[in-house]
Amino acid sequence: MTHPSSGSTRALDVLETVFGYPAFRGQQAEIIEHVAQGGDALVLMPTGGGKSLCYQIPALLRDGVGVVISPLIALMQDQVDALAEVGVRAAFLNSTQTFEESSRIERQLRDGELDLVYVAPERLMTPRCLELLQASRIALFAIDEAHCVSQWGHDFRPEYIKLSVLHERFPQVPRIALTATADQQTRDEIAHRLQLDDALQFVSSFDRPNIRYQIVEKANGRKQLLDFIQGEHAGDAGIVYCLSRKKVEETADFLNASGITALPYHAGMEYAQRSANQARFLREEGIVMTATIAFGMGIDKPDVRFVAHLDLPKSIEGYYQETGRAGRDGGPANAWMAYGLQDVVQQRRMIAESEADETFKRVLGVKLDAMLGLCETLACRRVHLLDYFGQGSERCGNCDTCLSPPISFDGTVAVQKLLSTVYRVDQRFAGGHVIEVLRGIETERIQQWRHDQLSTFGIGADKSEAEWRAILRQVIALGLIAVDYESYSALKLTDAARPVLRGAQAVQLRQYQKPVKTKRDSGKQKGYEESTLSAEEQALFDKLRWWRVETARKNNVPAYVIFHDATLREIAKARPRSIDDLRGVTGVGEKKLETYGEQIVALIAELG
Ligand code: ADP
Ligand code: ZN
């Protein structure tokens, strides 16, 4: 496919005729222009921001094939199918293919019959593949998920480091690296390791205004999750992240037993079962995926309505990437997390017990502290998040702390009571026991150790166990108390505890809030209300969705590859009577018009 005429009008022309979109979003236009003219680029854009078009359109505008390097082999088929739907000649090369298949694609590549080819990094590095590329005409290299080059991140792929070879072997070919991970350290690492120091950097706003952030205090996490799903997301597709494989399985069973279709996904499962579950999640509607973080990189299902965390993520980067998988279509979505004392203890322990060297442990500790800061903040979650990525913003009005501001109180006295009790039990007992002493509970163990004789016995009887746990959690998060994992999780005072004990430093705490059942708060979030459909429009919309299910099944692709919900909704409203009326609906490009136009017009005519 070649497109005559020049410059940015050509890019806009491709956007309209091929992809069916009327306008570029954010920095897309500048990025495309820059790369189409042969420049290198480093693109940082949040999930759902529209990164794919940033390399797809320049690949169509330039001579030759665009080579997309991606670690996500499992998604290549869907990506290629989606491109075929809009008439772009795309293929992939990876280890799932037979020799015959890859030979055919290699021939097409050499003969210049492809617009885009997706290649796994380990495949790219083979001498055979590099020779093949040398013999082909290449429009550009796109390095997707470029943060995989970072050794600090959890997505690190050693083969990514070798990608600097591209610059050496193909100095004339422009390269564009893309990622949704925004922190400065990762950005520098990408630029450095991929030899993109001279590339133009495009850093988008990382805000995802349609996502509502909520972090609730964990009481009974699973039950709270169920309330949340039933209350706000009945019938919606969503992802639930858990820390361990076992918990993933248990949570899926629990949800299924409660009438919610849930599938597990983690790296310990058989590959076939894992990919079957992923395929169902992508193709069917309303499935909840319970997963470890092994699931999700590159999942571009647009209508994931919520992402829930039952365990604390290790870093804000991880949290932001995972929650970013919600609401890629721009519709209202929830990022919900249940967080409690046990999470803090567990994460700190995992770092303490890991095999990593001291420097690495320090980095992990700093990242965890930042994550805890987000959980404990009294300010707007979004402001806190964006600030972490170096971007200023205003109170958002669409997060839990904005919607129902937490109450803070001067917790100095309570914290002093807690610290001195820890001291009086010789820093040899875990949190549960310390709280029992504070509350004046006469357990066998307390009597055995004569802790009922301590001056602090019962001085905290005015607070419930849950309140004390919330205080202890914050005190650990603040670093006033450390947990000694080598000795029965005993609580120990840190140096930072001294000024508080002496009364030289005050401590502001977040008031414990009893978990409340969430209700669909008259449903829609302000500013993101999807225009409601009339009864007639709704009937047509439903009919279009049925047609889409059928068509997707026939073509063996996910439904959203045919049309997004937003497109079907627009069609239901516009009721196009002819192919010409249908042209101009967002998401309907020339190829789709040609393939599906008549069917849709006929379907509408049937309804009269
Ligand atoms: P990501 O940055 O996460 O890779 P994608 O490239 O998958 O995001 O784009 C997210 C969604 O937004 C896709 O469904 C895509 O078709 C849509 N999109 C991207 N750019 C535009 C645009 N200019 N106008 C309308 N929709 C767009
Ligand atoms: Zn807010």
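Residues numbered from 1 in each chain as written. Chains lettered and ligands numbered in written order. Predicted model: local features only at pLDDT ≥ 70, side-chain atom pairs only at ≥ 80, totals over all residues. Heavy atoms only, no water.

Details of the nonpolar core
To keep it simple, the criterion reads: By nonpolar core is meant a set of buried Ala, Val, Leu, Ile, Met, Phe, Trp, Tyr and Cys residues that side-chain atoms within 4.5 Å join together. We call a residue buried when its accessible area falls under 20% of the maximum for its residue type, exposed when it is over 50%, and partly exposed in between, using a 1.4 Å probe and counting protein chains only. Whether two residues are in contact is decided by their heavy atoms: any pair within 4.5 Å suffices.
Of all hydrophobic cores here, the largest spans 133 residues; its most connected members are L124 and F281. Apart from the residues within four sequence positions on either side, F281 is in contact with A237, G238, I239, I287, M289, F295, I299, K301 and V304. With 36 residues, the next largest nonpolar core counts V43, Y55, Y118 and L178 among its residues.

Notes on the coordination of the zinc ion (ligand 2)
By definition of the ideal shapes, four donors in a tetrahedron about a metal sit 109.5 degrees apart, and six donors in an octahedron sit 90 or 180 degrees apart. As a reminder, the rule being used: Metal sites are built from N, O and S donor atoms within 2.8 Å, or 3.2 Å for Na, K and Ca, and they leave out water, so they may look incomplete. When four donors show all angles between 85 and 135 degrees the site is tetrahedral, when four or six donors have opposite pairs over 155 degrees and all other angles between 65 and 115 it is square planar or octahedral respectively, and in every other case it is irregular. Each helix corresponds to a stretch of at least 4 residues labelled H or I by DSSP, and each strand to a stretch of at least 2 residues labelled E; elements are numbered beginning at the N terminus.
All of the protein donors around the zinc ion (ligand 2) are C380 (SG), C396 (SG), C399 (SG) and C402 (SG); their distances to the metal are 2.3 to 2.4 Å. For the zinc ion (ligand 2), the four donor atoms are set out with angles of 102 to 118° between them, so the coordination reads as tetrahedral. Between consecutive donor residues of the zinc ion (ligand 2), the sequence gaps follow C-x15-C-x2-C-x2-C. Within this pair, whereas C380 is found in the loop between α16 (358-376) and α17 (381-388), its partner C402 is found in helix α18 (residues 400-403), the two being separated by 22 residues in sequence. A relative accessible area of 4% places C380 in the buried class. Take C402: its relative accessible area is 9%, and that puts it in the buried class.

Some details on the site of ligand 1
Heads up, the rule is: When we say a residue is near a molecule or strand, we mean one of its heavy atoms is within 4 Å of it. In the analysis that follows, any N or O atom pair within 3.5 Å is treated as a polar contact, provided that within protein one partner can donate a hydrogen and the other can accept it, and provided that, for residues neighboring in sequence, both atoms belong to side chains. Method for areas: the Shrake-Rupley scheme with a 1.4 Å probe, in which residue coverage is limited to the protein chains shown. Polarity classes work like this: nonpolar for Ala, Val, Leu, Ile, Met, Phe, Trp, Tyr, Cys and Pro, charged for Asp, Glu, Lys and Arg, and polar for all others, with Gly in that last group.
Surrounding ligand 1, one finds 15 residues, the nearest of these being Y21, G48, K51, S52 and R328. Contacts to ligand 1 include R25, whose side-chain N or O atom sits 3.1 Å from an oxygen atom. Here G50 contributes a backbone N or O atom positioned 3.0 Å from an oxygen atom of ligand 1. Protein chains shield 84% of the accessible area of ligand 1, which is 570 Å² for the free molecule. Of the residues in the shell around ligand 1, the class split is five nonpolar, seven polar and three charged.

What to know about the environment of D580
Position of D580 among the secondary structure elements: in helix α27 (residues 579-582). A relative accessible area of 54% means that D580 is categorised as exposed. In sequence terms D580 and M269 are 311 residues apart; their C-alpha atoms lie 49 Å from each other. Here R583 takes part through its side chain, which lies 2.6 Å from a polar atom of the side chain of D580.

Focus on the sheet that holds strand β5 (residues 138-143)
Applicable threshold: Any two strands between which DSSP finds at least two bridges are classified as paired. Fitting a line to C-alpha atoms yields each axis, with helices limited to the stretch in contact; the angle taken between N-to-C directions then spans 0 to 180 degrees.
Read across the open sheet, the seven strands follow the order β3-β4-β2-β5-β6-β1-β7; overall the sheet is parallel. Every other strand in the sheet has two partners, leaving β3 (90-93) and β7 (200-203) as the edge strands with one partner each. Taken over all neighbouring pairs, the strand axes of this sheet differ in orientation by 20° on average, direction set aside. Summarising the sheet, strand β2 (residues 65-69) and strand β4 (residues 116-119) pair through four bridges and their orientation is parallel.

Considerations on helix α11 (residues 221-232)
Owing to its 3.6 residues per turn, the α-helix brings residues three or four apart onto one side. What counts is decided by this rule: Between the first and last residue of a helix there are one fewer steps than residues, each counted as 1.5 Å, and that sum is the expected span.
Taking 1.5 Å per residue, twelve residues should reach 16 Å; α11 reaches 16 Å between its end C-alpha atoms and fits that length. The element α11 is largely enclosed, with a buried count of nine among its twelve residues. Turning to α11, its buried residues number three or more, namely G221, Q224, L225, L226, D227, F228, I229, G231 and E232. In the core, the buried residues of α11 are packed alongside β8 (211-217), β9 (237-241), α12 (245-257), β12 (304-309) and β13 (333-339).

Re the packing of α16 against α17
A pair of packed helices is captured by two measures, namely the crossing angle of their axes and the spacing between those axes. Put simply, the rule is: An angle below 35 degrees is read as roughly parallel, one above 145 as roughly antiparallel, one from 65 to 115 as roughly perpendicular, and any other as oblique. Crossing handedness follows the turn of the near helix against the far one: under a right angle anticlockwise gives a left-handed crossing, and clockwise gives a right-handed one.
As a packed pair, α16 and α17 sit with axes 9 Å apart at the nearest point and diverge in direction by 160°. Of the possible angle classes, the one that applies to α16 and α17 is roughly antiparallel. By crossing handedness, the relation of α16 to α17 is classed as right-handed. Mapping the contact onto sequence places K367, A370, G373, L374, C375 and E376 in α16 and R381, H384, L385 and Y388 in α17. Among the residues forming the contact of α16 with α17, the class breakdown is five nonpolar, two polar and three charged.

Things to note about the pairing of strand β11 (residues 288-291)
In the case of a regular strand, side chains alternate between the two sheet surfaces. Of the two faces of β11, both are covered, the one formed by V288 and T290 as well as the one formed by M289 and A291. Judged from the four bridges that link them, strand β10 (residues 262-265) and β11 form a sheet pairing that is parallel. Each bridged residue has a counterpart across the sheet, and for P264 the counterpart in β11 is T290.

A closer look at the domain arrangement of the chain
Our working rule: Each domain's extent was defined by an automatic or database domain assignment. Two parts lose some accessible area (1.4 Å probe) when they are put together, and adding that loss for both gives the buried area. Whenever Lys or Arg places a side-chain nitrogen within 4 Å of a carboxyl oxygen from Asp or Glu, that contact is recorded as a salt bridge.
Taken domain by domain, the chain comprises domain 1 (7-203), domain 2 (211-403), domain 3 (408-510) and domain 4 (535-607). Taking only C-alpha atoms, the centre of domain 2 and the centre of domain 4 are 33 Å apart. The contact between domain 2 and domain 4 buries some 650 Å² in all, and 46% of this surface belongs to carbon and sulfur atoms. In terms of surface lost to domain 4, no three residues of domain 2 exceed R283, E285 and P302, which account for 69% of the buried area on that side. The salt bridge partner of R548 is E285, with a shortest N-O separation of 3.3 Å. The interface formed by domain 2 and domain 4 includes three residue pairs in polar contact (both at pLDDT 80 or more). Split by residue class, the side of domain 2 that touches domain 4 holds two nonpolar, no polar and four charged.

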